[in-house]
Amino acid sequence: MRVLLVDDEAEVRSYFVRALQRLRPELEVVEAADGREALDYFLHMPFDLVLSDQRMPRMSGIDLLREVRTHSAVPFVMISSDRYAEGEALHEGASEYLSKPIGLHVLGAVLGRYL
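Throughout what follows, the structure given in this document is the object of discussion. (Residues numbered from 1 in each chain as written. Predicted model: local features only at pLDDT ≥ 70, side-chain atom pairs only at ≥ 80, totals over all residues. Heavy atoms only, no water.)

Brief notes about the overall build of the protein chain
At step 1: The helix and strand inventory of the protein chain stands at five helices and five strands.
At step 2: Seen in sequence order, the protein chain has helices and strands lined up from the N terminus as β-α-β-α-β-α-β-α-β-α.
At step 3: For a compact globule of 115 residues, the expected C-alpha radius of gyration is about 13 Å, and the protein chain comes in at 13 Å, within 12% of that figure.
At step 4: With respect to the three principal axes, the spread of C-alpha positions in the protein chain is 30 × 30 × 25 Å.
At step 5: Taking the contacts inside the protein chain whose residues are at least 6 apart along the sequence as the reference set, 61% of them involve residues at least 24 apart.
At step 6: A gap of 3 Å separates the mean positions of the 13 positive and 19 negative side-chain charges of the protein chain. (Helix = DSSP H or I, 4+ residues; strand = E, 2+ residues; numbered from the N terminus. Rg over C-alpha atoms; globule rule 2.2 N^0.38 Å. Contact = heavy atoms within 4.5 Å. Lys, Arg positive; Asp, Glu negative; His and termini not counted. Charge placed at Lys NZ, Arg CZ, Asp CG, Glu CD.)

Here it is, written out as structure tokens:
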């Protein structure tokens, strides 16, 4: 199984990679620093789940979500500290919206729902 992890903060990506691998050691986690990089990965390899930050330079998580939805119905979980973006993310087709910080138990529940 392959997860696309998108966040512009390297420390946040590092936390999620460690957490995902702790919860599901068999996961392959592909990291992207922004929506454009993520879209390039998405268009060239299959993913079972996308975990994406909402606010990023070059291409936001919302814009990435819109692009992904033109190609696939893959589960897409939006992650942000901005609670005001939740409605827009869900309206655009996000499978779920999580507010930072995210605990290991919440992340485990998300993996259980989608993988």
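So, the pattern of salt bridges
At step 1: Counted under the stated rule, the structure contains ten salt bridges.
At step 2: Note that Arg-113 is salt-bridged to Glu-96, the shortest N-O span being 2.5 Å. One end of the pair, Arg-113, is in helix H5 (residues 104–114); the other, Glu-96, is in strand E5 (residues 96–99), and 17 residues separate them in sequence.
At step 3: With a relative accessible area of 14%, Glu-96 lands in the buried category.
At step 4: Among the ionic contacts, a cluster of salt bridges with common partners joins Asp-63, Arg-66, Glu-88 and Glu-92. (Salt bridge = Lys/Arg side-chain N within 4 Å of Asp/Glu carboxyl O. Buried < 20%, exposed > 50% of the residue type's maximum accessible area, 1.4 Å probe, protein only.)

Brief notes about helix H2 (residues 35–44)
Because an α-helix completes one turn every 3.6 residues, residues spaced three or four positions apart along the sequence face the same direction.
At step 1: Of all the positions in H2, only Gly-35, Ala-38, Leu-39 and Phe-42 are classed as buried. Down the axis of H2, the smallest arc covering the buried residues is 100°, so these residues share one side.
At step 2: Residues of H2 that are buried sit in contact with strand E1 (2–6), strand E2 (28–32), strand E3 (49–53) and helix H3 (61–71).
At step 3: Its side-chain oxygen placed 3.0 Å from the backbone nitrogen of Arg-36, Asp-34 serves as the N-cap of H2. (Arc of directions from axis to C-beta. Polar contact = N/O pair within 3.5 Å; in protein donor to acceptor, adjacent residues only side chain to side chain.)

With respect to the environment of Tyr-84
At step 1: Within the secondary structure, Tyr-84 sits in the loop between strand E4 (76–80) and helix H4 (86–91).
At step 2: Residue classification places Tyr-84 among the exposed residues on the basis of a relative accessible area of 80%.

Some words on the packing of H2 against H3
At step 1: Remark: H2 packs on H3, axes separated minimally by 10 Å, with the N-to-C direction vectors making an angle of 15°. Taken together, the axis directions place H2 and H3 in an arrangement best described as roughly parallel. Of the two elements, H2 crosses H3, and the hand of that crossing is right-handed. Within the contact between the two elements, H2 uses Gly-35, Ala-38, Leu-39, Phe-42 and Leu-43 and H3 uses Leu-64, Glu-67, Val-68 and His-71. (Axes fitted to C-alpha atoms, helices over the stretch in contact; angles between N-to-C directions. Parallel < 35°, antiparallel > 145°, perpendicular 65-115°, else oblique. Left-handed = near helix turned anticlockwise from the far one by under 90°.)

With respect to the nonpolar core
At step 1: Within the largest apolar cluster, 22 residues are counted, with the highest numbers of intra-cluster contacts made by Leu-4, Val-6, Phe-42, Leu-64, Phe-76 and Met-78.
At step 2: When residues of this core are traced back to their parent elements, those giving at least two are E1, E2, H2, H3 and E4.
At step 3: Considering each element in turn, this core owes the most residues, four residues, to H3.
At step 4: Setting aside chain neighbours within four positions, we find Leu-4 in contact with Val-30, Ala-32, Ala-38, Tyr-41, Phe-42, Phe-47, Leu-49, Val-50 and Leu-51.
At step 5: Formed by 18 residues, the second largest nonpolar core is a distinct cluster that contains Leu-5, Val-29, Ile-102 and Val-110. (Core = buried A, V, L, I, M, F, W, Y, C linked by side-chain atoms within 4.5 Å.)

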